Amino acid sequence: MSLSLKQISLFLSLFIISTWPCGADDQKRDDTIKVITDYAYRMGDKDSKEKSRALGLFGAKLKAVNLAAKYLTHKGVLEHYEKKQSEIFCLTTNEIKVSIIDEKFYQDINSYYFEIKSEVKSIDFIKAQIKDSELEKNESSFSYSEEMEQPVSKIINPGEELSRAYRYIRKEQWRISIIYLDHLEKKYSHWGDVFLAKAIAFYGMDDIDKMVDALKTACSLNNQEACNELLSFSSNSR
């Protein structure tokens, strides 16, 4: 039986977690998880290699953060972030220590692929939580025109940019979140995570048709969470 790269990555992740050395160093390692993850970002026609590389690396790092969070929470060294989880996890991708195992650009399928090894610590989440509070405080001082226009920086920082959308969503600022995500979509037109966030915002606005359309777009852009949500929604609608 052949194993997919994703299955191998998960196996290696579990192997690394279960084979840490015992002894005096255990206390230092108690809040550290090492995982191997991979991700492929399919470029759009207007995407630069720089942008595609950043989104590919972010995707692999976010998978590492999500996987590590499950183990750290189970071990009791990480709190449940509830509604703040998405925004904090996005910011945590900027804090974790990463080494690149494999990086490829597949020209025939126009995709940027990453396989990385990450070391994720509970302190990374704490730093991200502090950053999240700072960003939220800064956003609360925006003028009305700034809130309505929602300018997007030219700097490529997927984790920080997406976390902002999730802060608006958490605070149920549906209109502002959609305006911001519309601008973010212009910058990252082939990034499935943007459309997944849009789907959540449309759901908050009770606009189910637009929610489903956003989920379909996100799923077509390789966002597995959107595919799962779409399948679940279709099953419950029967």
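Preceding this paragraph is the structure being described.
Residues numbered from 1 in each chain as written. Predicted model: local features only at pLDDT ≥ 70, side-chain atom pairs only at ≥ 80, totals over all residues. Heavy atoms only, no water.

(A) Local environment of the state of the cysteines. Counted under the stated rule, the structure contains one disulfide. The disulfide partner of C219 is C227, and the S-S distance across this bridge is 2.0 Å. Handedness of the C219-C227 disulfide follows from its S-S torsion of about 100 degrees: it is right-handed. Residue classification places C219 among the partly exposed positions, given a relative accessible area of 24%. Residue classification places C227 among the buried residues on the basis of a relative accessible area of 18%. (Disulfide = S-S within 2.5 Å. Buried < 20%, exposed > 50% of the residue type's maximum accessible area, 1.4 Å probe, protein only.)

(B) Fine view of the pairing of strand β1 (residues 32-42). For β1, the buried fraction is high: eight of the 11 residues fall into the buried class. Pairing of β1 with strand β3 (residues 111-121) involves 11 bridges; the strand directions are antiparallel. Across the sheet, the residue bridging to T37 is I116, located in β3. (Helix = DSSP H or I, 4+ residues; strand = E, 2+ residues; numbered from the N terminus. Pairing = 2+ DSSP bridges.)

(C) Summary view of the nonpolar core. By size, the foremost hydrophobic cluster in this structure holds 57 residues, and its most contacted members are F89, F125, L162, Y166, W191 and L215. The contacts of W191, once residues within four sequence positions are left out, are Y41, L55, F58, P158, L162 and L221. (Core = buried A, V, L, I, M, F, W, Y, C linked by side-chain atoms within 4.5 Å. Contact = heavy atoms within 4.5 Å.)

(D) Looking closely at helix α4 (residues 85-92). Within α4, six of the eight residues are buried, leaving the element largely enclosed by the surrounding structure. Those residues of α4 that fall on the buried side of the exposure criterion are E87, I88, F89, C90, L91 and T92.

(E) Structural context of the sheet that holds β3. As summarised here, the arrangement of the three strands in space is β1-β3-β2, forming an open sheet in which the pairing is antiparallel. Every other strand in the sheet has two partners, leaving β1 and β2 (97-106) as the edge strands with one partner each. On average, adjacent strands in this sheet sit at an angle of 10 degrees to one another, irrespective of strand direction. Against the sheet, helix α3 (residues 49-74) contacts β1, β2 and β3, and its axis sits at roughly 145 degrees relative to β1. (Axes fitted to C-alpha atoms, helices over the stretch in contact; angles between N-to-C directions.)

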